[in-house]
Amino acid sequence: MLKILKFIIFAELFCSAGTALYLMILPNPDSVSIIGLGLLSILGLPIYFSSGIFEDAGKPSRHIGFILFFAGQSVCLLSGKSIWLPVFWEISSIGCLFFFPDENLLKKSSKSAAAFLFSSGLSMFFISLWIFLPDSNFARTSLLVGLLIKAAFSGFHVWYPIAHEGAPYYASACISGIMMNLPMLMIVKFLYADLHTMNVTTLIMILCGLGIFISGLSSFFAKDIRKSLAYSTIENSNFMILALVGASIWGMELKNKEIGDSFLFLFYFGLFHHSISKTFQFLYAGAMTEKAGSTKLDDLKGIGRTIGISPILSGIGAFSFALVPGTTGFFLESSFLYLNSKIFDTSSQNASIYLLVLFLSLTGLAMGSAFHLKFYLSTALSTRKENSFLITTEKETRDLRKVFWYLGILVFSVPVFSGPVAVSLYRLNLMKNWLYTLSAVSLIVMIVSFLIYKFHLYHSISKRQIWDCGSSHTGTEVSIPGSVFSDPVYFSVGRYFTSEEGEPYMEKYIQKYLARFLNLGKYWITRVESGDVSQYILVSSVSFLFSIFLIFIFRNYVL
Amino acid sequence: MDYIRYIPLFLFFIFFPILIPGIVKKVRAKCQGRKGPVILQPWYDIQRMMKKTPVDGPNSGIFAEVAPLVSFLAALTAWSVPVFEWTSFILIPFFLVLQRISLLAFAMETGTSFGGLGSSREVLLYVLGEPVLVIAIIVSQSSFQVAFSVMGIALGILFLAACSVIMLAEMAKPPFDDPRTHLELTMVHEAMLLEASGKTMAFFEIASILKMAALITLLMRIAFEHVQLSSLGIAGKFLEEIIMIVGALTVPVMIGWWEAVSVRRKWEWIPEFMGMTLIFILALGTIVRL
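Residues numbered from 1 in each chain as written. Chains lettered and ligands numbered in written order. Predicted model: local features only at pLDDT ≥ 70, side-chain atom pairs only at ≥ 80, totals over all residues. Heavy atoms only, no water.

Observations regarding the overall build of chain B
- Assigned secondary structure in chain B consists of 10 helices and 0 strands.
- Ordered by position from the N terminus, the helices and strands of chain B form the series α-α-α-α-α-α-α-α-α-α.
- When each of the 290 residues of chain B is scored for burial, the buried share is 58%.
- Per element, the accessible surface of chain B, about 11400 Å² overall, is 72% carbon and sulfur. (Helix = DSSP H or I, 4+ residues; strand = E, 2+ residues; numbered from the N terminus. Buried < 20%, exposed > 50% of the residue type's maximum accessible area, 1.4 Å probe, protein only. Areas by Shrake-Rupley, 256 points an atom, 1.4 Å probe, with all protein chains shown as cover.)

Written out as structure tokens, the structure is:
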């Protein structure tokens, strides 16, 4: 049975990769499907493989979850405007639910599953509206709303950190690394051409700036590692939507078309960077939280030293987000900055508004980078106070190493090829030399790193002694937690926007009022006697009639 | 003939980092009424350290071995960008990030309390300083021209003043950091290097000097970026480079004086001040754009 399930998973991933390759040779290749399916097959494999490292490898529910998830995602990427889109999207969501612990369902896990389901249902409601209603501005707007909910866009993101809070590490990697791509690719597929006519681009641009800023701050100040990574994902998602809006705004202006095309490339590259690097980070965090039994960043101090992975290998994801030259993060953000300098040269009115967005974005991005540094430094390099022995088995360490090497090679190799490929595919004349330079720099970084390693150009430790403090201490007494990095900034910057736990005030209010709205049901429950069926029938009938009334109003008066 | 402009640049590339730390120390000593060490003293110290085998901490690992070299190479690359302009200045912050991460990783891996303290402060300076530096570079890299008027000159001076603030933070100079005190509790850069010795220390010191050279030259490039002397042909380009070099040589003198007359401010004050600088640059940018 298990062998059959495994075979189906590998067949699905193989088919996704094959379909992506087949689509590439067609006369008019569909880049949305190619990129989506490509990322699914590239990242599906390490996520699936890593899911069996710490959990029972023979657990059938997990395998069924992966089958549903991969199948749902693949069909969604290939489907057009049809009922199959929400149906298979929901199938992939249900697949994800199989990952949540089914025994001793923890409060956190059930809360996460509920948040995930709620957002999925709400999003599918809006997407279904777009499918069943005639083509109009209203229908397109409802599609946009549905996709923005799924993309955890600024203001629509309330569910996202909660969904990650109690999810297993591989479920988080699936939701963030693979599932997050789908709504954004769907925006390109169905809305990109009409985005500038919907009169919302400026508003979306400003919200993106705010989203990057607030989620960057939240990721830096949050105490829970899963929440921090979730906020970092929200920051990335807003960044990619900003690139998409930039592509739409400037792509429609004839004289600035090249800027628009460059932004579109930035969006696609952003998907690669985010998917690969964030999958790495979630899996690395998962390896530690599984062993430490805690998701609090401060409890994880130094635990990276005890899982048997080299600190350089375990830091690749953080290096990418901290923009170290040669990584995908470096390639993406340096191109973003380069494009910004070109925007300053345009006479477009949007450039003035963009200045404000840029200010917010840069601060948020710096905060986001600092979070990844804080996470890495405190977990992988800080000394472990207790249990300094290896806490993983040999097999676990070996498997983890394989996964991290696979993702690490992607982080460093994608930038080397991206420049020439992008220039040939998108004819980006504006950024041609720039992209070539970035690819060359990335290649040089790889070669120099290899040479340093191969020819041992660094000194080997020959003598050890600690000079600091005295009192015969060995250094292990000092274990530096992550809060050491964020707490000093909180009172001067953070307190105006987030709570001490890193939760944005805005989000707290949205959650509060949403909970009040949803609690209306409690009011009804108090009035219903147990077994009073007629009451339930009454509620169902009223809801049904109200739905028909709404459809009637929309059909005849709104559309 | 265009190659002529590279002769002074090449000499500048070699000799400027050799002179900077000595000039700063000499000027500072003179301002305080002392004779001060010879100009090349910092390099004599580096030479002495280069001959010694490093002694590492009990918890040191791979970063203690590779970080000094990586830090040096990153700073060297960052230094080459503003001098030869082989690519956009936008790449400079990324190489400085690599240099910074090497240093942070070294300090954290050694695992001392002061390493942690210095790293924490360094991350704070990075978070608050990076956006300002990046905005300054983006503006300088655009072909945006400010009109030659009183207003234009005033805006240019204000922009340079804001850039200088961030350069002081990046170079670990007062009011953000004070390397003179040798009191670990007040330091940022030096606190991270407390456990470095021998060759390791020498590489970090050279990286720090190259970083300072890169930032000073970047500041000068930003200042003279939109001065158009190209109409004078090759002579104009040559003149541009000479003006930049002379300007760059005056900055270490000013830094030396600044170090002599100023003190490090309270740590709580720094985030507010950096935030104000960021808002100031934003306001300036908005005024210019409008």
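Focus on the overall build of chain A
- Regarding its fold elements, chain A presents 22 helices and 0 strands.
- Relative to the compact-globule value of 24 Å for 559 residues, chain A shows a C-alpha radius of gyration of 24 Å, a close match.
- Expressed as lengths along the three principal axes of its C-alpha atoms, the size of chain A is roughly 85 × 65 × 55 Å.
- Taken across its 559 residues, chain A has 58% of its residues classed as buried.
- Long-range pairs, those at least 24 residues apart, make up 80% of the contacts in chain A between residues at least 6 apart in sequence. (Rg over C-alpha atoms; globule rule 2.2 N^0.38 Å. Contact = heavy atoms within 4.5 Å.)

Observations concerning the layout of surface pockets
- Taken as a whole, the largest pocket spans an internal volume of roughly 1300 Å³.
- Around the largest pocket, the lining comprises 34 residues; the ones closest to its centre are A:Ile312, A:Phe412, A:Val445, A:Ser449 and A:Phe450.
- Counting only elements with at least two residues in the lining of the largest pocket, the list comes to α13 (311–314), α14 (316–321), α17 (394–426) and α18 (432–454) of chain A together with α3 (62–84) and α4 (92–110) of chain B.
- No other element matches the 9 residues that α18(A) contributes to the lining of the largest pocket.
- Looking at the lining of the largest pocket residue by residue, the class counts come to 29 nonpolar, 5 polar and no charged. (1 Å grid on protein atoms, 1.4 Å probe; cavity = no way out; pocket = protein on both sides within 12 Å on 5 of 7 lines; lining within 4 Å. Points joined across faces, edges and corners; volume = space filled by probe spheres on them. Nonpolar A, V, L, I, M, F, W, Y, C, P; charged D, E, K, R; others polar.)

A short note on the packing of helix α2 (residues 31–54) of chain A against helix α9 (residues 181–191) of chain A
All names here are of chain A.
- For the pair α2 and α9, interaxial distance at closest approach is 10 Å and the crossing angle is 170°. Taken as axis vectors, α2 and α9 run roughly antiparallel relative to one another. Contacts from Val32, Ser33, Gly36 and Leu39 of α2 reach α9 at Asn181, Leu185, Val188 and Lys189.
- For the contact of α2 with α9, the residue count by class is 4 nonpolar, 3 polar and 1 charged. (Axes fitted to C-alpha atoms, helices over the stretch in contact; angles between N-to-C directions. Parallel < 35°, antiparallel > 145°, perpendicular 65-115°, else oblique.)

A word on unusual backbone geometry
- That bond from B:Pro174 to B:Pro175 is cis: its omega, 5°, falls within 30 degrees of zero.
- Looking at the element boundaries, B:Pro175 is found in the loop between α6 (150–170) and α7 (189–192).
- For A:Leu323, which is not glycine, the phi torsion reads 70° and is therefore positive.
- Here A:Leu323 shows up in the loop between α14 and α15 (328–343).
- Its identity as a non-glycine residue notwithstanding, B:Glu85 has a phi of 50°, on the positive side.
- Positionally, B:Glu85 belongs in the loop between α3 and α4.

Remarks on the packing of aromatic side chains
- Summed over the entire model, instances satisfying the criterion amount to 44 aromatic pairs over all chains.
- Between A:Tyr48 and A:Phe66, the aromatic rings sit 5.3 Å apart at their centres with planes inclined by 85°, giving edge-to-face as the arrangement. With A:Tyr48 in helix α2 and A:Phe66 in helix α3 (residues 60–78), the pair connects residues that are 18 residues apart, well separated along the chain. With respect to burial, A:Tyr48 and A:Phe66 carry one shared label: buried.
- Sitting above the plane of the B:Trp269 ring, B:Arg265 keeps its charged end 4.4 Å from the centroid. (Phe/Tyr/Trp six-rings, centres within 6.5 Å; stacked < 30°, edge-to-face > 60°. Lys NZ or Arg CZ within 6 Å of the ring centre and 35° of its normal.)

As for the confidence of the model for chain A
- Per-residue confidence for chain A gives a mean pLDDT of 86, with 91% of residues at or over 70.
- Within chain A, the element-level pLDDT minimum falls on helix α21 (residues 520–527) of chain A, averaging 67, and the maximum on α14(A), averaging 96. (pLDDT = per-residue confidence, 0-100.)

Remarks on the nonpolar core
- Residues A:Trp89, A:Phe263 and A:Phe336 are the most contacted members of the largest nonpolar core, which totals 268 residues.
- A total of 18 residues in this core trace back to one element, the largest contributor, which is helix α16 (residues 350–381) of chain A. (Core = buried A, V, L, I, M, F, W, Y, C linked by side-chain atoms within 4.5 Å.)

Digging into empty space enclosed by the protein
- A full pass over the atoms with the stated rule returns 10 cavities of 30 Å³ or more.
- Computed from the structure, the largest cavity encloses a volume of approximately 130 Å³.
- In this structure, the largest cavity is lined by 14 residues; those nearest its centre are A:Leu323, A:Glu333, A:Leu362, B:Glu130 and B:Val134.
- Residue assignment for the lining of the largest cavity shows that the elements contributing at least two residues are α15 and α16 of chain A together with α4 and α5 (113–141) of chain B.
- Considering only residue class, the lining of the largest cavity consists of 11 nonpolar, 1 polar and 2 charged.

Concerning the interface of chain B and chain A
- Between chain B and chain A, the residue contacts involve 63 residues of the former and 71 residues of the latter.
- For the pair chain B and chain A, the summed buried surface comes to about 5800 Å²; carbon and sulfur atoms form 75% of the total.
- Linking chain B with chain A are 0 salt bridges.
- The interface formed by chain B and chain A contains 9 residue pairs in polar contact (both at pLDDT 80 or more).
- When residues of the side of chain B that touches chain A are traced back to their parent elements, those giving at least two are α3, α4, α5 and α10 (269–289) of chain B.
- Per element, the largest residue contribution to the side of chain B that touches chain A is 16 residues, and it comes from α5(B).
- Partitioning the side of chain B that touches chain A into residue classes produces 37 nonpolar, 20 polar and 6 charged. (Buried area = accessible area lost by both parts, 1.4 Å probe. Salt bridge = Lys/Arg side-chain N within 4 Å of Asp/Glu carboxyl O. Polar contact = N/O pair within 3.5 Å; in protein donor to acceptor, adjacent residues only side chain to side chain.)

Thoughts on the pattern of salt bridges
All names here are of chain B.
- Evaluated as defined, the whole model comprises 15 salt bridges over all chains.
- A salt bridge links Asp45 to Arg48; its shortest N-O distance comes to 3.3 Å. Taken together, the residues Asp45 and Arg48, both in helix α2 (residues 41–50) and 3 residues apart, mark about one turn of the helix.
- Judged by relative accessible area, Arg48 falls into the partly exposed class, the value being 45%.

Examining α2(B)
Residues and elements named next belong to chain B.
- Those residues of α2 lying buried are Pro42, Ile46 and Met49. Mapping the buried residues of α2 onto a view down its axis gives an arc of 60°, with all of them on the same face.
- Contacts from the buried residues of α2 go to α1 (6–31) and α8 (198–224). (Arc of directions from axis to C-beta.)

As for the environment of A:Ser462
- By the secondary structure assignment, A:Ser462 is in the loop between α18 and α19 (483–490).
- Take A:Ser462: its relative accessible area is 56%, and that puts it in the exposed class.
- Spatially, the C-alpha atom of A:Ser462 lies 61 Å from that of A:Gly121, the residues being 341 residues apart in sequence.
- Among residues more than four places away in sequence, those in contact with A:Ser462 are B:Thr53 and B:Pro54.

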